[in-house]
Amino acid sequence: MSDSSPLPPVRLPPEAELARDALSTPLLSRAARLARWAGPETRVEAGGGLVDEQLPAAAEVLGLSGDEAAAHASEAWRVAFETGLVEIVDEKAGTVTTSEDLALLTTGSPHDVLSVWLGALETVLADASVPDLGDLDDLVDAVDSGGEVDFSSLDWDPEAEAEFLDGVLGNLYLLTLAGNGPGDVPVPLPALAASLIVPGDMGEPTNDVLEQVSDAMMRLDDQFRLLEPVGLVQYEPVDEALMADAEDESATPLDDTDVSRYGLVRLTPLGLYGLRTRLLAAGFEAPAVGDLVDKGADALLDGTATFSPTAAQAETEQWLARRDPLAAARELLAAARGLDAGGPLRRLLCQQALSLVGTEAEPALREVLDDPELGGLARVWLAEHGASDVPPPSEDLVFWLTVDTVAAQLAAEGNSDELRDLVEGLAQQHGGFFAAAWRVDHPATADVLEAMGRLHPDKRIAKEARKAAFKARSQHGG
């Protein structure tokens, strides 16, 4: 992912809803319970972790039992300490007390709650970047004479591990937005691992690459198991039988169609919020639907130019909801003007925005009927809303609007199937289209005719379009 171009916009629930989700996550709710439990008798080690003798009592407070109870209690305490819900009173004695920050979870704003949750997320992400180091003796042996851990001897690069996890989560964010957000189909773990490892231009992956993908899947399986309790993801783990089957050469081959056996992961709405916050902090442009509601129509039209149709409509609906319909229509029309390269797409987005406005906007549309740039879209809007006494467009205006519309579609979609159909329809409906179109006084005329020549499947018509494009360029000195 490059931080030079904006990511797709994310649609997030209100902060109050996200804060409720944060408070209900297993890890933060456990951390809060341990923070309330902490008192004068609670003892911690130098790094702030609970002493081993107190882990059984902490697990009991949390209602945990079994082999993993102490580990889960220790993890919850670490989150409570790292997020500031508890603080050390006396380092020498190892005593702690509940912090004032704990009250933020009950009396603070939704933003306060989410700030605490983000701290918990960072703690868990740091833990998830640490692989299983195996025997404690190996870790002891890796400590050099200066007391620092020689990570190279452990075959572990902390920065590389963190970058790997960040890359995976970045790709998961993109894949989630490509599916229009949480609630859609979860991402199979093999696809997520491959998105980071398999080069985009590789045809059939080599055995070496497939082995790397398999290793990455196993790492991700461990990491997502850690990340689920903090509410970042919903995760269906890799079927443990896969590990045994992989080692047993006589095992029945796996059914490749049963994707769920290989692990399925989905970002929660809270996870989307958390990853977007981290991306913004890292310098990425990561927009969210609703970012433009307090800005002008020019910012709305420019900003939604890179949005998907559903995200653009959602953003526009929120923008319109805060404004008087007639005033909003006038502002949109004013922002749509311009003969620059972005003008056609602005007018298309303006037209789409005006389709969401009721008949209260009619006076604004009538005011621009004689405008050479806006008169065409005004007539379309008035006709669609059943207005009377709409003057018919001149032939010049019809051709200008046609060129403007195709230019907008090119900017929005490129060489899409929809644009190809539009081009075929135009050539079919207007027998002399190219003979007249090259004369249209629009900055994009030549580019539009070239695109029509490129897109039209009929070689004869495509040749006509290219000839018309040449004439248009000659006319305008291009």
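Computed from a prediction, not measured in an experiment: that's the story for all the values here.

Draft legend 1. Seen up close, the overall build of the chain. If you tally the helices and strands in the chain, you get 23 helices and five strands. In the chain, buried positions account for 41% of the 478 residues. Across the chain, contacts joining residues at least 24 apart in sequence account for 65% of those joining residues at least 6 apart. A total accessible area of about 24,700 Å² is found for the chain, and carbon and sulfur atoms account for 50% of it.

Draft legend 2. Structural view of the sheet that holds strand 3 (residues 187–188). Read across the sheet, three strands follow the order 3-5-4 without closing on themselves; strand pairing throughout is antiparallel. Only two strands of the sheet have a single neighbouring strand rather than two, namely strand 3 and strand 4 (233–236). Of the pairings in the sheet, the one linking strand 4 to strand 5 (residues 264–267) comprises four bridges and is antiparallel in character. Bridge pairing in strand 5 places Glu236 opposite Leu264.

Draft legend 3. Layout of the environment of Trp319. Tracing the sequence through the fold places Trp319 in helix 14 (residues 309–321). Sequence separation between Trp319 and Gly290 is 29 residues, and the spatial gap between their C-alpha atoms is 7.7 Å. Setting aside residues no more than four positions away along its own chain, Trp319 makes contact with Leu292, Val293, Lys295, Gly296, Ala297, Leu300, Ala328, Glu331 and Leu332.

Draft legend 4. Up close: the nonpolar core. Counting residues in each nonpolar core, the largest one holds 74 residues, and the members touching the most others are Trp117, Tyr173, Phe224, Leu232 and Val233. For this core, the element with the highest residue contribution is helix 6 (residues 110–128), accounting for ten residues. If we skip the residues at most four places from it in the chain, Val233 touches Leu172, Phe224, Leu227, Glu228, Val265, Arg266, Leu267 and Thr268. Judged by nonpolar contacts, the second largest core, of 30 residues, contains Leu300, Ala361, Ala364 and Val368.

Draft legend 5. Looking closely at helix 4 (residues 69–82). Taking 1.5 Å of rise per residue, the 14 residues of helix 4 would be expected to cover 20 Å, and the 20 Å separating its terminal C-alpha atoms lies within 8% of that figure. Within the sequence span of helix 4, burial applies to Ala69, Ala73, Glu75, Ala76, Trp77, Val79 and Ala80. Residues of helix 4 that are buried in the fold lie against helix 2 (26–37), helix 3 (55–61), strand 1 (86–90), strand 2 (95–98), helix 6 and helix 10 (207–227). Two residues or fewer past helix 4, Gly84 is found with a positive phi of approximately 85°.

Draft legend 6. Structural detail: the pattern of salt bridges. Throughout the structure, instances matching the rule amount to 18 salt bridges. Residue Arg78 pairs with Glu82 through a salt bridge whose shortest N-O separation is 3.3 Å. Taken as a pair, Arg78 and Glu82 lie in helix 4 at a separation of four residues, close to a single helical turn. Close ionic contact of Arg78 with Asp127 constitutes a salt bridge, the shortest N to O distance being 2.7 Å. Taken together, the residues Arg78 in helix 4 and Asp127 in helix 6 connect sequence positions 49 residues apart. Taken together, the salt bridges that share partners define one network made up of Arg78, Glu82 and Asp127.

Draft legend 7. Highlighting a negative patch on the surface. Side chains of Glu413, Asp417, Glu418, Asp421, Glu424 and Asp458 sit close together on the surface and give a patch of like negative charge. Looking at which element gives the most residues to the negative patch, the answer is helix 20 (residues 417–429), with four residues. Relative to the elements of secondary structure, Asp417 occurs in helix 20. With a relative accessible area of 57%, Asp417 lands in the exposed category.

Draft legend 8. Geometry of unusual backbone geometry. Of note in the backbone geometry, Asp389 takes a positive phi value of approximately 55° without being a glycine. On the secondary structure map, Asp389 appears in the loop between helix 18 (375–384) and helix 19 (395–413).

Draft legend 9. Representation of the packing of aromatic side chains within the structure. The final tally for this structure, using the stated rule, is four aromatic pairs. Judged by centre distance (5.3 Å) and plane angle (85°), the rings of Phe433 and Phe434 are edge-to-face. Here Phe433 falls in the buried class, since its relative accessible area comes to 3%. Of the residues examined, Phe434 reaches a relative accessible area of 7% and is grouped as buried. The residue whose ring lies beneath Arg219 is Phe164, and the NZ or CZ to ring-centre distance is 3.8 Å.

Draft legend 10. Quick peek at a positive patch on the surface. On the surface, Arg439, Lys463, Arg466, Lys467 and Lys471 cluster together to form a positively charged patch. The partly exposed category is assigned to Arg466, whose relative accessible area is 46%.

Draft legend 11. Expanded view of the environment of His385. Take His385: it is sitting in the loop between helix 18 and helix 19. Judged by its relative accessible area of 28%, His385 is partly exposed. Setting aside residues no more than four positions away along its own chain, His385 makes contact with Val357 and Thr359. For His385, the side chain forms a polar contact with the main-chain oxygen of Val357, separated by 3.5 Å.

Draft legend 12. A look at the pairing of strand 2. In the sheet, strand 1 pairs with strand 2 via four bridges, with the strands oriented antiparallel. Within the sheet, the bridge partner assigned to Ile88 lies in strand 2 and is Val96.

Draft legend 13. Examining the side chain of Thr316 more closely. Summarising the element assignment, Thr316 is placed in helix 14. With a relative accessible area of 8%, Thr316 lands in the buried category. Once you skip the residues sitting within four places of it in the chain, Thr316 turns out to touch Leu300, Ala353 and Leu356.

Draft legend 14. Representation of the packing of helix 6 against helix 12 (residues 269–281) in the model. Contact geometry for helix 6 and helix 12: axes closest at 11 Å, N-to-C directions at 80°. Between helix 6 and helix 12, the angle falls in the class roughly perpendicular. In this structure, helix 6 uses Leu114, Trp117, Leu118, Leu121, Glu122 and Leu125 to contact helix 12, whose residues at the interface are Leu270, Tyr273, Gly274, Thr277 and Arg278. When grouped by side-chain class, the residues that make up the contact of helix 6 with helix 12 number seven nonpolar, two polar and two charged.

Draft legend 15. View of the confidence of the model for the chain. In this model, the chain carries a mean pLDDT of 87, and residues with pLDDT of at least 70 account for 87%. Counted against residues more than four places away or in other chains, residues 135–140, with its pLDDT under 50, gives five contacts.

Thresholds applied
Residues numbered from 1 in each chain as written. Predicted model: local features only at pLDDT ≥ 70, side-chain atom pairs only at ≥ 80, totals over all residues. Heavy atoms only, no water. Helix = DSSP H or I, 4+ residues; strand = E, 2+ residues; numbered from the N terminus. Buried < 20%, exposed > 50% of the residue type's maximum accessible area, 1.4 Å probe, protein only. Contact = heavy atoms within 4.5 Å. Areas by Shrake-Rupley, 256 points an atom, 1.4 Å probe, with all protein chains shown as cover. Pairing = 2+ DSSP bridges. Core = buried A, V, L, I, M, F, W, Y, C linked by side-chain atoms within 4.5 Å. Expected span 1.5 Å × (residues − 1). Salt bridge = Lys/Arg side-chain N within 4 Å of Asp/Glu carboxyl O. Patch = residues over 30% accessible without salt bridge, like charges linked within 9 Å, V, L, I, M, F, W, Y side chains within 5 Å. Lys, Arg positive; Asp, Glu negative; His and termini not counted. Charge placed at Lys NZ, Arg CZ, Asp CG, Glu CD. Phe/Tyr/Trp six-rings, centres within 6.5 Å; stacked < 30°, edge-to-face > 60°. Lys NZ or Arg CZ within 6 Å of the ring centre and 35° of its normal. Polar contact = N/O pair within 3.5 Å; in protein donor to acceptor, adjacent residues only side chain to side chain. Axes fitted to C-alpha atoms, helices over the stretch in contact; angles between N-to-C directions. Parallel < 35°, antiparallel > 145°, perpendicular 65-115°, else oblique. Nonpolar A, V, L, I, M, F, W, Y, C, P; charged D, E, K, R; others polar. pLDDT = per-residue confidence, 0-100.

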